[in-house]
Amino acid sequence: MKKIYLYILFSILSIEIFSQQDPQFAQNADNLLFTNPAFAGMTDGICASAINRQQWVGFEGAPVTTMASVHTGVKLFGIQGGIGLSIVDDRFEFEKKFQAKAAFSYHKKVGLGTLGIGVESGIINNDLNGNWKYPDSNGSEDQLIPQGQVRKIVLDLGLGVFYKVGERFYAGVSISHINQPDINYPKVPAASFLRRHYYATAGYNFRLMNSPIELQPSVFVKFDGTKMQSSANLTALYNKKFSVGVSYRNREAFIPMVGIHLLNGLKIGYAYEVPLTRMISVSKGSHEVFVGYCFDFW
């Protein structure tokens, strides 16, 4: 019965689903490297992080996304910059997508902050293996239905610009899938490609009068040429140890979140996404867990 509901719901929301080719996350302020290669090396020391997102809990075959990344500042031939690596495993019903990309960012002091200009290159492996319900006896009359497991590996490119002023302010813009890689599956005569995705983000950090509370508002915008998605977040950090926040994704979700910051550089965060669409009648929402750790070898 759940699969029937899922099919009906996806048919209704097919336009929106088609536009969300990149994985979706709630804790965007803690996941800047994934969407902008210019962020590589913008923090002190070596920073590693991981996110696991269980989307639309209650549906069989609902999206499950796991992302891991690491980045650090480097100085090569007298040039200050940063390097980073991101790996994503994204699974949705019959489709599995594995993505690995390396980023390099050139840094230059501009005004009160640091400007980063970054590029990224990597691969995307799309794997489709479904148990299909055919309209005819065996599906042989429909050439658009893949027979057995099909796979396609493509080259993926991106670039970005990021500006940061200490721990107080940041802003960035970026483009992923700039080469719009062709993901046509072998022996399946259907045109398909990854659209260019345009990202913009900004955040600010300020102390609330003379209290131990810091407020951290931020915004995140994604556009793929067909649909724009935006979210606004406000997080309160107490004594640099505990954080409580809330995000709103335009007409889609309300997202409370909490976090704990340990003195050894470890941060743990959790977000619970409450859908504001028809999805709320058939889903228990989405869960997202974040773990980040920054350290220095010196």
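Residues numbered from 1 in each chain as written. Predicted model: local features only at pLDDT ≥ 70, side-chain atom pairs only at ≥ 80, totals over all residues. Heavy atoms only, no water.

A look at the state of the cysteines
The tally for this structure, following the rule as stated, stands at one disulfide. Covalently, Cys 47 is tied to Cys 294 through a disulfide, its sulfur atoms 2.0 Å apart. The S-S bond linking Cys 47 to Cys 294 shows a torsion near 110 degrees; that makes this disulfide right-handed. A residue pair is termed long-range when its members are at least 10 positions apart, and Cys 47 in strand β1 (residues 46-54) and Cys 294 in strand β15 (residues 286-295) qualify at 247 residues. In this structure Cys 47 comes out as buried when scored by relative accessible area, which is 7%. (Disulfide = S-S within 2.5 Å. Helix = DSSP H or I, 4+ residues; strand = E, 2+ residues; numbered from the N terminus. Buried < 20%, exposed > 50% of the residue type's maximum accessible area, 1.4 Å probe, protein only.)

So, the confidence of the model for the chain
On average, residues of the chain carry a pLDDT of 86, and 84% of them reach 70 or more. Taken element by element, the chain is modelled with least confidence in helix α2 (residues 14-19), mean pLDDT 38, and with most confidence in strand β7 (residues 169-176), mean pLDDT 98. Across residues 1-19 the pLDDT falls below 50, and counting only partners more than four positions away or on other chains, this stretch makes 22 contacts in the model. (pLDDT = per-residue confidence, 0-100. Contact = heavy atoms within 4.5 Å.)

Thoughts on the nonpolar core
If you look at the biggest cluster of nonpolar residues, it comprises nine residues: Leu 32, Leu 33, Ala 38, Phe 39, Ala 40, Met 42, Ala 103, Phe 162 and Tyr 170. If we skip the residues at most four places from it in the chain, Ala 40 touches Leu 33, His 71, Gly 82, Ile 83, Gly 84, Ser 105 and His 107. (Core = buried A, V, L, I, M, F, W, Y, C linked by side-chain atoms within 4.5 Å.)

A look at the pairing of β1
Bridge count for β1 against β15 is nine bridges, and the pairing is antiparallel. Along β15, the bridge assignment pairs Asn 52 with Val 289. Pairing geometry for β1 and strand β2 (residues 64-76), over nine bridges, is antiparallel. Opposite Cys 47, over in β2, you have His 71 as the bridge partner. (Pairing = 2+ DSSP bridges.)

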